Amino acid sequence: MRKSISVKGLSHRHPVPNACRIGNMVFSGAIHGVSPTTQELPAGMAAQSANVFANMRAVIEAAGGSAEDIIKVDIYLRDSSDRVAVNEEWLRMFPDSESRPARHVRPLTPDSASLVQCEFVAVIEL
């Protein structure tokens, strides 16, 4: 049975959930760098990156999992050479070099106000 996962303060402007879970699989939609309390998007890359990773954690936890269950992360960047803040948050969320998810960086669509976004796939142990 498919279950929509929604996190208060992180709703999309379209009628879609933050993620979807079927069995032990979780797939997120786009996770933005907005603050879940103010719904504002900070101007800088560091603040947006911190929010993206905090929001990713909130979504996986709402799905019944943890950061340890995430197996793939796609990072979307406005400027693909600007990875310092993303890498800092990445290492904070996934500190064990022997247990990190796969990652791929992709260009962010030009119509987005964000500097960084992500989406993930997770497998939660049953």
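For the structure, check the block above.
Draft legend 1. Quick look at the sheet that holds strand β2 (residues 19-22). Spatial strand order, β1-β2-β3-β6-β4-β5: 6 strands in an open sheet with mixed pairing. Edge positions in the sheet fall to β1 (2-5) and β5 (102-107), since each has one partner strand and no second. Each adjacent strand pair in this sheet contributes to an overall mean axis angle of 15°, direction not counted. With 3 bridges joining them, strand β3 (residues 25-28) and strand β6 (residues 116-123) adopt antiparallel strand pairing.

Draft legend 2. View of the pattern of salt bridges. Taken as a whole, this structure holds 3 salt bridges when the rule is applied. Note that R92 is salt-bridged to E89, the shortest N-O span being 2.7 Å. In this pair, R92 and E89 are both assigned in helix α2 (residues 84-93), 3 residues apart and thus about one turn of the helix distant. Overlapping salt bridges bring together K72, D74 and R106 as one network.

Draft legend 3. Broad picture of the nonpolar core. Counting 29 residues, the largest nonpolar core has V26, F53, M56, I70, V73, I75 and F120 as its most contacted members. Sorting the residues of this core by element identifies α1 (45-62), β4 (70-77), α2 and β6 as the ones contributing at least two each. Considering each element in turn, this core owes the most residues, 6 residues, to α1. Beyond its immediate sequence surroundings of up to four residues, V73 is in contact with M56, W90, P101, A102, R103, H104, C118, E119 and F120.

Draft legend 4. View of the side chain of D74. With respect to the helices and strands, D74 occurs in strand β4. According to the relative accessible area criterion, D74 is buried, its value standing at 9%. In terms of polar contacts, D74 uses its side chain to reach the side chain of K72, at 2.9 Å. The contact partners of D74, leaving out residues within four places of it in the chain, are H104, R106, Q117, C118 and E119.

Draft legend 5. Inspection of the pairing of β6 at higher detail. Within β6, 6 of the 8 residues are buried, leaving the element largely enclosed by the surrounding structure. For β4 and β6, the ladder comprises 7 bridges, and the chain directions are antiparallel. Note on β6: the bridge partner recorded for Y76 is Q117.

Draft legend 6. Spotlight on the packing of aromatic side chains. Under the criterion given, the structure shown has 1 aromatic pair. Residue placement shows R103 over the ring face of W90; its charged tip is 4.9 Å from the ring centre.

Conventions and cut-offs
Residues numbered from 1 in each chain as written. Predicted model: local features only at pLDDT ≥ 70, side-chain atom pairs only at ≥ 80, totals over all residues. Heavy atoms only, no water. Pairing = 2+ DSSP bridges. Helix = DSSP H or I, 4+ residues; strand = E, 2+ residues; numbered from the N terminus. Axes fitted to C-alpha atoms, helices over the stretch in contact; angles between N-to-C directions. Salt bridge = Lys/Arg side-chain N within 4 Å of Asp/Glu carboxyl O. Core = buried A, V, L, I, M, F, W, Y, C linked by side-chain atoms within 4.5 Å. Buried < 20%, exposed > 50% of the residue type's maximum accessible area, 1.4 Å probe, protein only. Contact = heavy atoms within 4.5 Å. Polar contact = N/O pair within 3.5 Å; in protein donor to acceptor, adjacent residues only side chain to side chain. Phe/Tyr/Trp six-rings, centres within 6.5 Å; stacked < 30°, edge-to-face > 60°. Lys NZ or Arg CZ within 6 Å of the ring centre and 35° of its normal.

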